[in-house]
Structures are given as C-alpha cells and as structure tokens.
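For reference, the chains in residue letters:
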Amino acid sequence: EHLVSNGQMRFNLTAPGVQTKASGDAFVASDRIGIYVTDYEGETPMPLQVSGNRANNLPLTFDGAAWTPAKTIYWGKGKSDVYAYYPYLDEVDDVNAQDFSVALDQNEKGDETALGGYEASDFLWAKAAGVAQTDGPVTLPMKHVMSKLTVKIVAGEDYIGSLPEDASVQLHSTVTNANINLETGSVVKDPYSGAQSIMMKNLGIKSFEYALAADTT
C-alpha cells in the first residue's frame, strides 16, 4: 500500500494464490490492476459506468511493495464502492459485459513486458462496498472468476519407460470468449464465438492446466 495524505485513497490488494508473471501466490513487481470508484448519494450507491465515476479504469502498478495509481484518487465526502480487476485492460467498452478471451496457447511464456498465456487468462476481481476515508486503506481481496481444469498424465500398467518431458495436451471444442460484468464479477460465455482448441500450460511432466472462460461446448 502507499502513503496517504490530503484525502488520497490507498489500497491493500491481496492475491488468492494467483499465478501472476513470476509468482504462484502473490503479485509481483510490474503487475497492473484496473480500478473503478463510484460514489454514494446519501446511502444509495451509484451504478458502475464506463465513464463518469470517481475513477474510471485507472491502472495501479505494483513495484513489489506499493500500489501506485496512474493519477491520484481522492476520497469524496461520503461512501464509495471500489472495484478492481486483473489483468489490466487498456480499453473497457462495457462494464456490464466486457469482452474477454482466454489465450489459445496457455503454455506461451511471459516476459517483463507481457504476461504469459496462462497468466493473461486468469481473470481476477474484487469489490469493496460502502467504504469511506475513515476506514483507512481500501482492502481488495482478489478472487478468480474463471474456472481451472487440470489434466494429469499417468502411466498405465503396461507402459514401459518414463513419461516424455516434452508432452503436450490440447483441449478441443472449448468456448474461450466470455463477457465479464465488472460490477458483479460474474462471467457469461459468448455462445456465438465458436469453439476453439487450447494448448494447455505444462506444469510439469505429469500435469497441465488451463483457465476456462466458460462452459465447454
């Protein structure tokens, strides 16, 4: 979290054992999260909109110790709702049905400038409802909104030798496109996008996994 002064919002984000660029259980330096902040009118929360909120898809960047927003967010006089999601999207066209696709090659490696295929497919979301400046830092416990499928390869009774280290698994007939509601964190598959095949991420000789955008067809 970062220091607060003059009514600035500060944030405390926690990862749910998430695999980001380089870590299996925490956020790492250069991870970016999108933030929305909406205000209350009295005791009534205002709906999340594409624009016109207190904060609109503002990126927060982690340096390994603190989350720094692209520009300062200030508290209003009353309560606010704060929404967070990961990975950051440069453009959000519809906060109630944002297009999102999991990667077709989830074994693709990431680097310092881009997430790997699996990490980019692992969508996270959190909401802090009815928070105010007197509550201190905004706590945002991120959670997975996608499903995860793990396939384990086991040698049969008649198999002789060791399993190949370069084995690969493809999952066919899968809906990879979905619409995500950033206000509720719900995901609905896009039935019109067609079925695709996914190269699964290799977690070791015997285990593969991938992020499922929605139901298989």
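What counts, and where the lines are drawn
- Residues numbered from 1 in each chain as written.
- Predicted model: local features only at pLDDT ≥ 70, side-chain atom pairs only at ≥ 80, totals over all residues.
- Heavy atoms only, no water.
- Phe/Tyr/Trp six-rings, centres within 6.5 Å; stacked < 30°, edge-to-face > 60°.
- Helix = DSSP H or I, 4+ residues; strand = E, 2+ residues; numbered from the N terminus.
- Buried < 20%, exposed > 50% of the residue type's maximum accessible area, 1.4 Å probe, protein only.
- Pairing = 2+ DSSP bridges.
- Axes fitted to C-alpha atoms, helices over the stretch in contact; angles between N-to-C directions.
- Patch = residues over 30% accessible without salt bridge, like charges linked within 9 Å, V, L, I, M, F, W, Y side chains within 5 Å.
- Areas by Shrake-Rupley, 256 points an atom, 1.4 Å probe, with all protein chains shown as cover.
- Salt bridge = Lys/Arg side-chain N within 4 Å of Asp/Glu carboxyl O.
- Lys, Arg positive; Asp, Glu negative; His and termini not counted.
- Charge placed at Lys NZ, Arg CZ, Asp CG, Glu CD.

Asker: Outline the packing of aromatic side chains, listing residues and values.
Answerer: By the definition in use, this model includes 6 aromatic pairs. Centroid distance Phe 27 to Trp 67: 5.3 Å. Interplanar angle 85°. Geometry classified as edge-to-face. Highlighted residues: Phe 27 in the loop between strand S1 (11-14) and strand S2 (32-41) and Trp 67 in strand S5 (residues 67-69), separated in sequence by 40 residues. Across the pair, exposure class does not vary: Phe 27 and Trp 67 are buried alike. Taking 5.7 Å as the distance between ring centres and 5° as the angle between the ring planes, the aromatic pair formed by Tyr 85 and Phe 123 counts as stacked. Taken together, the residues Tyr 85 in strand S6 (residues 80-86) and Phe 123 in the loop between helix H1 (117-121) and strand S8 (124-131) connect sequence positions 38 residues apart. Residue classification places Tyr 85 among the buried residues on the basis of a relative accessible area of 1%. On the basis of relative accessible area, Phe 123 is assigned to the buried category, the value being 1%. Ring-pair connections join several aromatic residues into one group, and the members of that group are Phe 27, Phe 62, Trp 67 and Tyr 86.

Asker: Describe the sheet that holds strand S14 (residues 187-189), and please don't skip the residues or the numbers.
Answerer: Pairing within the open sheet is antiparallel, and its 3 strands lie in the order S7-S13-S14. If you trace the sheet from one side to the other, it starts and ends with strand S7 (98-101) and S14, each paired once. In this sheet, neighbouring strand axes are inclined to one another by 35° on average, regardless of whether the strands run parallel or antiparallel.

Asker: Please provide a residue-by-residue account of a negative patch on the surface, values included.
Answerer: Taken together, Glu 91, Asp 93, Asp 94 and Asp 99 make up a surface patch of like negative charges. Assignment of secondary structure puts Asp 93 in the loop between S6 and S7.

Asker: Lay out the pairing of S6 in plain terms, naming residues and giving numbers.
Answerer: Judged by how many residues are buried, S6 sits mostly within the fold: 7 of 7 residues are covered. With burial as the criterion, each face of S6 is covered, one bearing Ser 80, Val 82, Ala 84 and Tyr 86 and the other bearing Asp 81, Tyr 83 and Tyr 85. Where S2 meets S6, 6 bridges bridge the pair, whose relative direction is antiparallel. Across the sheet, the residue bridging to Thr 38 is Asp 81, located in S6. Here 6 bridges tie S6 to S8, and the two strands are oriented antiparallel to one another. What sits directly across from Tyr 85, in S8, is Trp 125.

Asker: Which residues make up the pattern of salt bridges, and what values do they have?
Answerer: Counted under the stated rule, the structure contains 4 salt bridges. We note a salt bridge from Glu 119 to Lys 201, for which the minimum N-O separation is 3.8 Å. One end of the pair, Glu 119, is in helix H1; the other, Lys 201, is in strand S16 (residues 201-204), and 82 residues separate them in sequence. The burial state of Glu 119 is the same as that of Lys 201; both residues are buried.

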